[in-house]
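Topology and contacts: notes
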Amino acid sequence: MLKRTQLLLIGMVLAVVGCQKEEPVTGKTAPSGGGAGLKIVYIPKNTGNPYFKDVIKGFEDASKELKAEFTTTAPATGDATSQISFIKDQIQRGVDVIAISPNSPDALNPVLDQAKAKGITVITVDADLSGNESHRDAAVLSTDFSKLGESQVELMGSLIGYEGNFAILSATTDAPNQNVWIAGMKEALKNPKYAKMKLIDTVYGDDDAQKSTTECEALLSKHPDLRGIISPTSVGLAASAQTIQLAGVFPGGPKAIGKGVQLTGLSTPNQLKKFVKDGAVTSFQLWSPHDMGYIAAFLGDQIHGGKLKAAEGVDFTAGTLGKRTLGKLNVVNAGPLVTFDKSNIDKYDF
Ligand code: RAM
């Protein structure tokens, strides 16, 4: 169950005003670690993804409390190298903190090193530089990455009676977060509990709605015996839900073959509400994107201000969310994984 503070913050996401333009947001209340006027920039994976608007809202809320100056800017696409020139521009601008959802675990290493050499604090958010963590100071990740793959496999298993062929429709081929989760799914599948479930295909929609739709359609025509699709991306899952609904192949749908195709994965409640109510999607999961941005702003402020030396086991206060602790490799998990279905989806507005 979500804690009250988390529910409150999720509720606040209602007023989504974040956009990908560089617009400073400066607040009025007391500063903490970095002091008033701290310049924080957040670089999401790409523009046009509602999920990142919620993360941006978290940064904006925290920046108001910190009296920091917050801006956001992002490339149009999530290719591995698309963020490099954006990071360079921010180094030029002289920001204090670069928070970034990286599109690659390693392509950004040299430019992030340049940022760090200039005294800029680098925080990864939502996705990490897996295997290259020394190129950032700390990470704020959505939820416990080591359990996410298994949770998604378990959810799929429960939907298909732990038996049948399924596919994955992911984001980009380089996406560090999706790739860690997919590795976790493959590891989970070794458990004898899932012996009758088979991952038969993995495709990539690039966090682009059109490409995700095309990939989902291709999965349906290529594998008539498909029992399920896991799409661990908010863009991919929303596009696939629309595709499955239009094709009528969801369980009980007019074109369902046998028991139909169960679609699940990760997306925002607002993007999926319609499909859950119509029965095209039974259940799916996510966390609070807002809280990730909120926590990252506080962490960046405190590291940059010298109040916190990032190391495993070190505590810090993330505003109204209270005490948080840096874990292994300086990772902070923003919150719990929530499963949404007909019974609870109306409680969420983000
Ligand atoms: C997409 C992005 C993001 C991921 C969510 C679940 O919006 O790929 O990185 O965390 O899906």
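In this report, the structure presented in the accompanying data block is examined.

The rules behind these values
Residues numbered from 1 in each chain as written. Predicted model: local features only at pLDDT ≥ 70, side-chain atom pairs only at ≥ 80, totals over all residues. Heavy atoms only, no water. Helix = DSSP H or I, 4+ residues; strand = E, 2+ residues; numbered from the N terminus. Buried < 20%, exposed > 50% of the residue type's maximum accessible area, 1.4 Å probe, protein only. Contact = heavy atoms within 4.5 Å. Axes fitted to C-alpha atoms, helices over the stretch in contact; angles between N-to-C directions. Left-handed = near helix turned anticlockwise from the far one by under 90°. Nonpolar A, V, L, I, M, F, W, Y, C, P; charged D, E, K, R; others polar. Phe/Tyr/Trp six-rings, centres within 6.5 Å; stacked < 30°, edge-to-face > 60°. Near = heavy atom within 4 Å. Polar contact = N/O pair within 3.5 Å; in protein donor to acceptor, adjacent residues only side chain to side chain. Areas by Shrake-Rupley, 256 points an atom, 1.4 Å probe, with all protein chains shown as cover. 1 Å grid on protein atoms, 1.4 Å probe; cavity = no way out; pocket = protein on both sides within 12 Å on 5 of 7 lines; lining within 4 Å. Sits in = over half its atoms within 2 Å of the grid points. Pairing = 2+ DSSP bridges. Salt bridge = Lys/Arg side-chain N within 4 Å of Asp/Glu carboxyl O. Arc of directions from axis to C-beta. Points joined across faces, edges and corners; volume = space filled by probe spheres on them.

Some thoughts on the overall build of the protein chain
Counting secondary structure elements, the protein chain contains 10 helices and 15 strands. Across its three principal directions, the C-alpha atoms of the protein chain cover 60 × 40 × 35 Å. Within the protein chain, the proportion of its 350 residues that are buried is 57%. In the protein chain, the share of contacts with a sequence separation of at least 24, taken over all contacts with a separation of at least 6, comes to 73%.

Notes on the packing of helix α8 (residues 234-247) against helix α9 (residues 269-278)
Across the interface, α8 lies against α9 with an axial gap of 10 Å and an inter-helix angle of 35 degrees. Seen along the crossing, α8 lies across α9 with a hand that is left-handed. Residues S234, L237, A238, A241, Q242 and Q245 of α8 touch α9, and the partners they reach there are Q271, L272, K274, F275 and D278. Of the residues in the contact of α8 with α9, the class split is five nonpolar, four polar and two charged.

Description of the packing of aromatic side chains
In this structure the tally under the stated criterion is 12 aromatic pairs. Aromatic pair Y294 and F298: ring centres 5.0 Å apart, planes at 50 degrees, arrangement tilted. Taken together, the positions of Y294 and F298, both in helix α10 (residues 289-304) and four residues apart, correspond to about one turn of that helix. Grouping aromatic residues by their ring pairs yields a cluster made of Y51, F52, F145, W181 and W287.

Points about the site of the ligand
Not every one of the 14 residues close to the ligand is listed here, only the nearest: K45, N49, D126, D207 and S234. Here an oxygen atom of the ligand and a side-chain polar atom of Q178 are 2.9 Å apart. S234 is positioned such that a nitrogen or oxygen atom in its side chain is 2.5 Å from an oxygen atom of the ligand. A total of 290 Å² of accessible area belongs to the ligand in isolation, and the protein chains cover 100% of it. When each cavity is represented as a set of grid points, the ligand is found to reside in the largest cavity. Taken together, the elements giving at least two residues each to the shell around the ligand come down to α2 (50-66) and α6 (176-188).

A few points about the sheet that holds strand β8 (residues 197-204)
Taking strand neighbours across the sheet as the criterion, the four strands line up as β8-β7-β9-β10 in an open arrangement whose pairing is parallel. The outermost strands of the open sheet, each flanked by one partner alone, are β8 and β10 (262-265). In this sheet, neighbouring strand axes are inclined to one another by 25 degrees on average, regardless of whether the strands run parallel or antiparallel. Of the pairings in the sheet, the one linking strand β7 (residues 164-170) to strand β9 (residues 226-231) comprises four bridges and is parallel in character. Its bridge partner lying in β9, F166 is registered against G228. Docked against the sheet, α8 engages β7, β9 and β10, running at close to 165 degrees with respect to β10.

So, the pattern of salt bridges
In total, this model carries 12 salt bridges according to the counting rule given. Of the charged contacts in the structure, one is a salt bridge between D137 and K116, with a shortest N-O distance of 3.6 Å. Here K116 lies in helix α4 (residues 109-117) and D137 lies in the loop between β5 (121-125) and β6 (138-141), a separation of 21 residues in the sequence. Of the charged contacts in the structure, one is a salt bridge between D206 and K211, with a shortest N-O distance of 3.6 Å.

Some remarks on helix α3 (residues 84-93)
Every buried residue belonging to α3 is among I84, I87, Q90 and I91, and all of these are buried. Across the axial projection of α3, the buried residues extend over an arc of 125 degrees, all falling on one side. On the buried face of α3, the contacting elements are β2 (39-43), β4 (97-100) and α4. Of the residues one or two after α3, G94 is the one with positive phi, at around 80 degrees.

Quick word on empty space enclosed by the protein
Here the idea is plain: a probe the size of a water molecule rolls over the atoms and shows the empty space left. With the rule as written, the count across this model stands at two cavities of 30 Å³ or more. The space that makes up the largest cavity amounts to roughly 110 Å³. What lines the largest cavity is a set of 15 residues, among which Y51, N177, Q178, T233 and S234 lie closest to the centre. When residues of the lining of the largest cavity are traced back to their parent elements, those giving at least two are α2 and α6. Per-element tally for the lining of the largest cavity: the top contributor is α6, with three residues. When its residues are assigned to classes, the lining of the largest cavity shows seven nonpolar, five polar and three charged.

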